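One-letter residues, chain by chain:
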Amino acid sequence: MYVQEVRTCQRGKVYRSVLVRESYRVGKQVKTRILSNLTRMPVEVQQAVRALLQGKKLVPLDGLEGQEALDYGGIAVLEQAWQRFGLDQVLSGVGSERKGRLLKAMIFGRILFPSSKLALREEAGGTLLAKVCGLEEKDLEEDDLYRAMDGLNGVWSGIEKKLYREAQPEGASLVLYDLSSVYFEGDGPEGLAQYGYSRDHRQDRRQVLLAVATDARGIPIHVEVLRGNRAESTTLTGLLVTLRRRLGIREATFVFDGGMKSRWNLEMLTGMELEYVTRSTGTKLQEIVRRLPKDRQLWLTDRTRVMEIEHQGVRYVVAGGEWRAMRDRERRQSRIARGEEELRQIAKATRKGADPVELGSRIGRPMFGEKRPF
């Protein structure tokens, strides 16, 4: 049996017929006969009958289930980069080949699906992550992963040096330095976890500081874990010594925020013949502006203009912007509105015959709890 489509043309109009035919033999002759006419049936039914007669198996649409394909694209890109930079050799000193494979799996997992060590095995399920790293999924146990990380003890500085030479063959000319804090729900590592200034606003938890130095592209070249109660300004000295001794950085410009600036640090940078960029204070800005000619002082009224000033051998850059100008304007307008409202209240009190001593005291008080008068 088979499905036959017949087209006929009558008076310029084409008629289409869909028939189920059967072949049979009479003597030596092969004849056909029509078993069913499917012309008036829906196209889906015609296609289903055709498929069945061709020996194909049909299943109900409701019975179909989609299965997630193995995720390989991202892993392939990472594997290619891993081989290109020779990172197997970089991690060769971690203690064993298996530890190196586990570290590779954690690095890939951190990039593809950031999660905890405990969740890595679950997140990697259905992907080729373990296989690409020469492991089985059962190998991605939390304890094994932590033991692999312990293999970095004592060899991390050498790994950092190799990575820096690969990423910066000509040396870094610009170093960006900053700190972050990570707090613990438990006690944290002994000796490192301390109460200190928390950038996560969790002064009730012990924390450690993460010191990170990157190149101009934001690629880390040095990472260090510090005590959670270290002051920002005391961390820069150790960074400079480490970068010079370990990575050989002797000529570079260091960029850091105002919290790390101290007289000692600036003098040390100058003594090491290293340039730096940091944030100055409002007091210093006012001192510099007072020394400027009157015509140059007027330039500062344009908050979108960048102004360079040389003062006592130090180059200062005064910069504004549309957002900062808008913020200052909104603050100024808000204070004017509050001042006008306070004056209206005082005027009402005057008309009612308020006590002059009490009125004078009220005028002298900061408005709305401000520490400084309008």
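Up top you'll find the structure we're talking about.
Reading the values: rules and limits
- Residues numbered from 1 in each chain as written.
- Predicted model: local features only at pLDDT ≥ 70, side-chain atom pairs only at ≥ 80, totals over all residues.
- Heavy atoms only, no water.
- Salt bridge = Lys/Arg side-chain N within 4 Å of Asp/Glu carboxyl O.
- Helix = DSSP H or I, 4+ residues; strand = E, 2+ residues; numbered from the N terminus.
- Buried < 20%, exposed > 50% of the residue type's maximum accessible area, 1.4 Å probe, protein only.
- Polar contact = N/O pair within 3.5 Å; in protein donor to acceptor, adjacent residues only side chain to side chain.
- Contact = heavy atoms within 4.5 Å.
- Phe/Tyr/Trp six-rings, centres within 6.5 Å; stacked < 30°, edge-to-face > 60°.
- Lys NZ or Arg CZ within 6 Å of the ring centre and 35° of its normal.

Enquirer: Kindly report on the pattern of salt bridges, identifying the contributing residues and their values.
Expert: Overall, the coordinates contain 21 salt bridges when judged by the stated rule. Arg-205 is the salt-bridge partner of Glu-185, the closest N and O atoms lying 3.1 Å from each other. In this pair, Glu-185 is assigned in the loop between β4 (174-183) and β5 (207-214) and Arg-205 in the loop between β4 and β5, connecting sequence segments 20 residues apart. Note that Arg-202 is salt-bridged to Asp-204, the shortest N-O span being 3.0 Å. Several salt bridges share partner residues, and in doing so they unite Arg-98, Asp-139, Asp-144 and Arg-147 into one network.

Enquirer: Tell me about the side chain of Thr-235, and please be specific about residues and values.
Expert: By the secondary structure assignment, Thr-235 is in the loop between β6 (220-227) and α9 (236-246). Residue class for Thr-235 comes out buried when judged on its relative accessible area of 3%. Within the structure, Thr-235 has its side chain in polar contact with the side chain of Tyr-177 (distance 2.9 Å). Leave out the neighbours within four places in its chain, and Thr-235 touches Tyr-177, Leu-179, Leu-226 and Arg-230.

Enquirer: Now, about unusual backbone geometry: what can you tell me, with residues and values included?
Expert: The backbone of His-201 shows a phi angle near 60°, a positive value even though the residue is not glycine. On the secondary structure map, His-201 appears in the loop between β4 and β5. Take His-201: its relative accessible area is 64%, and that puts it in the exposed class. Residue Glu-273 is not a glycine yet carries a positive backbone phi of 60°. Here Glu-273 is to be found in the loop between α10 (263-271) and β8 (275-277). According to the relative accessible area criterion, Glu-273 is exposed, its value standing at 71%.

Enquirer: An account of the packing of aromatic side chains is needed here, citing residue identities and associated values.
Expert: Counted according to the given criterion, the structure contains two aromatic pairs. Relative to Phe-108, the ring of Trp-82 has its centre 5.6 Å away and its plane inclined at 90°; by these criteria the two rings are edge-to-face. With Trp-82 in helix α2 (residues 73-84) and Phe-108 in helix α4 (residues 97-112), the pair connects residues that are 26 residues apart, well separated along the chain. We classify Phe-108 as buried; its relative accessible area is 2%. A cation over an aromatic ring shows up here: Arg-33 above the ring of Tyr-24, its NZ or CZ 4.3 Å from the ring centre. One Lys or Arg, Arg-202, reaches over the ring of Tyr-183 and ends 5.2 Å from the middle of that ring.

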